[in-house]
Structures are given as structure tokens and as C-alpha cells.
Amino acid sequence: MPGWSITAEPRACDVTELAARLRRAGCVFAEDEARILTDAAICDGVLDADLLETLVRRRELGEPPEHIVGYVEFAGLRLSVGPGVFIPRQRSVFLASSTLDAVRDAGEQPVVVEAYCGVAPIASVIAAGVDARAPELIVVDHSPAALTHARRNLPAAVRVERAALPGEMDAVLRRAGVLGSVDVMAAVAPYVPGTQRDLLPAEATDHEPADSHDGGPDGLDAVRGLIDGARRWCSVSGVMLLECHRDQAAAALPHAGDRGLDCRVRPSDDGQTAVLEVRAPQ
């Protein structure tokens, strides 16, 4: 067994040794991951050395730390995730913040939908941030595994729907009685060009579903599908907020324009991410 001390508070040298081990395995954020794994191995105030060794070996084999410990920190929330599901990226906090602003501007009890929700990071931020006006929240994804985590992350009142998108969104909204009445729809749809998925880190390609990344030849198949449904799904004053790469935004603009929609690009400060703001002309 490695020399981890079994104490309620692991010694700094133990975490340092663990970080060195993770660094040798290729982990870029070895110090942070060492602390996360150590914290996950503490049970009732005592460090379980056998459990820690199991967690470390899983990480050395390339499993994402979020899948190992069962959560991801996102916009101040601790969200449930697990093996086989897409892990929300920190870049999507920009979409979450933009969506929260739109919901706050939408009046009393707006109808809010997160499409391609995965574990529902955007809806979780909304649920935590606008309790005073109680929006009607609906989240939609095709993955039962992801929706299991979404249910854990969301209040009981949120409607969690399994459906293939974009094609089955009409049926979802019709069942909820809000077809044509959505005030805010947000999505991190898959937007990696299919030919570029192999360029992603191995922990993404090996441990997340391919369809959570692959957006078709130019990465915009799902984004275009959502734009196509905007007039059917959204209210007259409704807005659709879609994450994409900044370099893809220009290709999405004419698609929205051809459908009589206004589309504005909102770039993130990270220099890579953008949010497409799509709405009917006012």
C-alpha cells in the first residue's frame, strides 16, 4: 500500500506525493485532483487508504476525476455526474449566466427549456437563481443515464423528459402544454465537427458518449436543428441561446436569417466560446 496516513486531515506531504504520482500519469491539474480524490476517500472523518488507492488507479487509467468522485463544480453548484455521461464544461458557465439574465428579463413565471440537457447544468443554475419567480422548467435529453443525474441535480417540480432532439421537441412541448410558449430555450448541443472528435482529450473520447460531442461535418447539425424549431417552440418574444465555438458562429448566422430570425453572437471572454442569441424580429 502507498504511504497515505489514515487521518481526518491528510498531511500535506501525502497530497504532494499523490500529486506527483498523478503528474507522472499525465494529469495536468495533478495538485487539484490529488485533493479531490483524497477528499472523496474520507469516510466519517477517516481517510480510507484502500478506497483512495482504487480512486487513484482509476485516474491513472484515464477516467475523468468527475466520473470518479461523482460530481462536478459548476457555477458555484456541485452537480451529480457519473460514468458514461457528458461532464459540463466550465466554458458553459457563460451560457448559464446569459440564460439566467434572459430568464430574469422574461417576466413572471417564464417557460424555460434546456435542450440537450445532459445532467442539466443550465437548468440547475436557473433553479438556484430565480426562486422568486418560479419559472416553469423543462429539461430534455435522450440519455437515460444523463437524465438520472439531471433528476438528482434539479428540484422535484422540474419536468425531466427523455426525447430524441431536435425531432421530438414538438411532442415534449405539446405534452407540457407549452408548444409555442417557450420564453427562454438554452442548449449546449453537440458542436464538435465529426472529423475533429479524435482531437479531443482521451478522457473525453474514451469516457463520454460520442453523440455528446459529434455535431456533424461542420459541428452545427444540432444547432441548425434547434434554430429550425425556434418559431414553433418559442413565444413571440422568446429567445433561444445556443453555445458554439466562436469560429462556428458566422456559419450559423445565415441559417437563422433564412428562417426570418434575428441572430446575435455573444462572445465569451475565454476567446473560444460564443452564445448565439436567436429570436424573432421584434
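Structure's up top.
Summary of the structure given here.

The rules behind the values
- Residues numbered from 1 in each chain as written.
- Predicted model: local features only at pLDDT ≥ 70, side-chain atom pairs only at ≥ 80, totals over all residues.
- Heavy atoms only, no water.
- Helix = DSSP H or I, 4+ residues; strand = E, 2+ residues; numbered from the N terminus.
- Rg over C-alpha atoms; globule rule 2.2 N^0.38 Å.
- Buried < 20%, exposed > 50% of the residue type's maximum accessible area, 1.4 Å probe, protein only.
- Salt bridge = Lys/Arg side-chain N within 4 Å of Asp/Glu carboxyl O.
- Pairing = 2+ DSSP bridges.
- Disulfide = S-S within 2.5 Å.
- Axes fitted to C-alpha atoms, helices over the stretch in contact; angles between N-to-C directions.
- Parallel < 35°, antiparallel > 145°, perpendicular 65-115°, else oblique.
- Left-handed = near helix turned anticlockwise from the far one by under 90°.
- Contact = heavy atoms within 4.5 Å.

The next subject is the overall build of the protein chain. Check the secondary structure of the protein chain and you find 11 helices and 11 strands. Here the protein chain has a C-alpha radius of gyration of 20 Å; the compact-globule value for 282 residues is 19 Å, and the two agree. Taking the principal axes of the C-alpha coordinates as reference, the protein chain spans close to 65 × 40 × 30 Å. In the protein chain, buried positions account for 49% of the 282 residues.

Below, the discussion takes up the pattern of salt bridges. Any two side chains of opposite charge can pair, given that their charged atoms come close. Evaluation of the coordinates by the stated rule reveals 20 salt bridges. Here Glu-60 and Arg-21 are joined by a salt bridge, their closest N and O atoms 2.8 Å apart. One end of the pair, Glu-60, is in helix H3 (residues 49-60); the other, Arg-21, is in helix H1 (residues 12-24), and 39 residues separate them in sequence. We classify Arg-21 as buried; its relative accessible area is 15%. For the salt bridge of Asp-221 with Arg-224, the shortest nitrogen-to-oxygen distance reads 3.0 Å. With Asp-221 and Arg-224 both in helix H10 (residues 221-233) and three residues apart, the pair spans about one turn of that helix. Owing to a relative accessible area of 21%, Arg-224 belongs among the partly exposed residues under this scheme. Within this structure, Arg-21, Glu-53, Arg-57 and Glu-60 form a network of salt bridges that share partners.

Buried residues dominate strand S5 (residues 111-115), accounting for five of its five residues. Along S5, one buried face is formed by Val-111, Val-113 and Ala-115 and the opposite face, lined by Val-112 and Glu-114, is buried too. With four bridges connecting them, S5 and strand S6 (residues 136-141) associate as parallel partners. Along S6, the bridge assignment pairs Val-113 with Ile-138. Both S5 and strand S8 (residues 182-187) contribute to a ladder of four bridges, which runs parallel. What sits directly across from Glu-114, in S8, is Ala-186.

Turning to the state of the cysteines, a few remarks are in order. This structure, assessed with the given rule, holds zero disulfides. Free of any disulfide, Cys-234 has its nearest neighbouring cysteine sulfur in Cys-263, separated by 13 Å. You can call Cys-234 buried: its relative accessible area is 9%. Among the cysteines around Cys-263, which has no disulfide bond, Cys-244 carries the closest sulfur, lying 8.2 Å off.

Interaxial distance between helix H2 (residues 30-40) and H3 falls to 9 Å at its minimum, and their mutual angle equals 140 degrees. On the basis of the axis angle, H2 is oblique to H3. Once H2 is placed against H3, the crossing between them reads as right-handed. Contacts from Glu-33, Leu-37, Thr-38 and Ala-40 in H2 reach Leu-51, Leu-52, Leu-55, Val-56 and Arg-59 in H3.

What follows is about unusual backbone geometry. With an omega dihedral of 5 degrees, the bond running from Leu-165 to Pro-166 counts as a cis peptide bond. With respect to the helices and strands, the residue Pro-166 is situated in the loop between strand S7 (159-162) and helix H8 (169-176). Residues other than glycine seldom take positive phi values, yet Asp-44 does so here, at roughly 55 degrees. You can see Asp-44 is positioned in the loop between strand S1 (42-43) and strand S2 (46-47).

None of the figures reported here should be taken as evidence of function without further support.
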